[in-house]
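# Per-entry structural report
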Amino acid sequence: DSGVVQSPRHIIKEKGGRSVLTCIPISGHSNVVWYQQTLGKELKFLIQHYEKVERDKGFLPSRFSVQQFDDYHSEMNMSALELEDSAMYFCASSLLGGFEQFFGPGTRLTVL
Amino acid sequence: AQSVTQPDARVTVSEGASLQLRCKYSYSGTPYLFWYVQYPRQGLQLLLKYYSGDPVVQGVNGFEAEFSKSNSSFHLRKASVHWSDSAVYFCVLSGNNNNAPRFGAGTKLSVKP
């Protein structure tokens, strides 16, 4: 399967804890965007990187940081987790300059 | 700034009926528009996209959408819905400004058998 890969698929953390979500884009895609979806509702734009540089920032909490690496995979570091961080986190990749996004299967984060 | 509005949070239709899901966008530049579908407990799948040219674009599973620059709209249509079309549908706008695509709030479609 050559689609976008996200890991882990499901993770449970305690309030105040930390978590790392990983996104591996489709080969050749250097543009990665992260979204948060709560309770199946709208996708909230968090942040975009392409060519390893942050290009656009949305609703990313200051407790979260995102980095894109040389191979274009992306990691979201989440700290001081709060109950309201419980959500599905999707990443999407696209070609640099491309407009169509390809979505990963998502990571379900549950904060207890 | 770019934004997308889907005015209908929920739509219910009977199987076999026609469907229109509305999408309005706001963007001063050239819009690139998409419809994605999300089935329960799944990720997002692309239904169709519009970049330029013929304002009516065909997608998968009999869906089509019509772009209207004058109305700033990109409505999704299907002539005859099936119960399996029950899902959440998102309208998405990309601009030629390197900003990330923006999603509408989504419309939850329920098809009654």
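Above this note sits the structure.
Residues numbered from 1 in each chain as written. Chains lettered and ligands numbered in written order. Predicted model: local features only at pLDDT ≥ 70, side-chain atom pairs only at ≥ 80, totals over all residues. Heavy atoms only, no water.

## A short note on the overall build of chain A
Each helix and strand in chain A was counted, giving zero helices and 11 strands. Listing every helix and strand of chain A by position from the N terminus yields β-β-β-β-β-β-β-β-β-β-β. Here chain A has a C-alpha radius of gyration of 13 Å; the compact-globule value for 112 residues is 13 Å, and the two agree. Along the first, second and third principal axes, the C-alpha set of chain A runs to 40 × 25 × 25 Å. The buried share of chain A, reckoned over its 112 residues, is 49%. Restricting to contacts in chain A with at least 6 residues of sequence separation, those with at least 24 account for 52%. One finds the centroid of the 11 positive side-chain charges in chain A at a distance of 6 Å from the centroid of its 13 negative side-chain charges. (Helix = DSSP H or I, 4+ residues; strand = E, 2+ residues; numbered from the N terminus. Rg over C-alpha atoms; globule rule 2.2 N^0.38 Å. Buried < 20%, exposed > 50% of the residue type's maximum accessible area, 1.4 Å probe, protein only. Contact = heavy atoms within 4.5 Å. Lys, Arg positive; Asp, Glu negative; His and termini not counted. Charge placed at Lys NZ, Arg CZ, Asp CG, Glu CD.)

## Some points on the packing of aromatic side chains
All told, the structure shown has 14 aromatic pairs over all chains when counted by the stated rule. Ring pairing ties together the aromatic residues Tyr35, Phe45 and Phe103 of chain A together with Tyr32, Phe34, Tyr36, Tyr51, Phe90 and Phe103 of chain B, which thus form one cluster. Cation over ring: lysine 44 of chain A sits above phenylalanine 59 of chain A, and NZ or CZ is 5.7 Å from the ring centre. (Phe/Tyr/Trp six-rings, centres within 6.5 Å; stacked < 30°, edge-to-face > 60°. Lys NZ or Arg CZ within 6 Å of the ring centre and 35° of its normal.)

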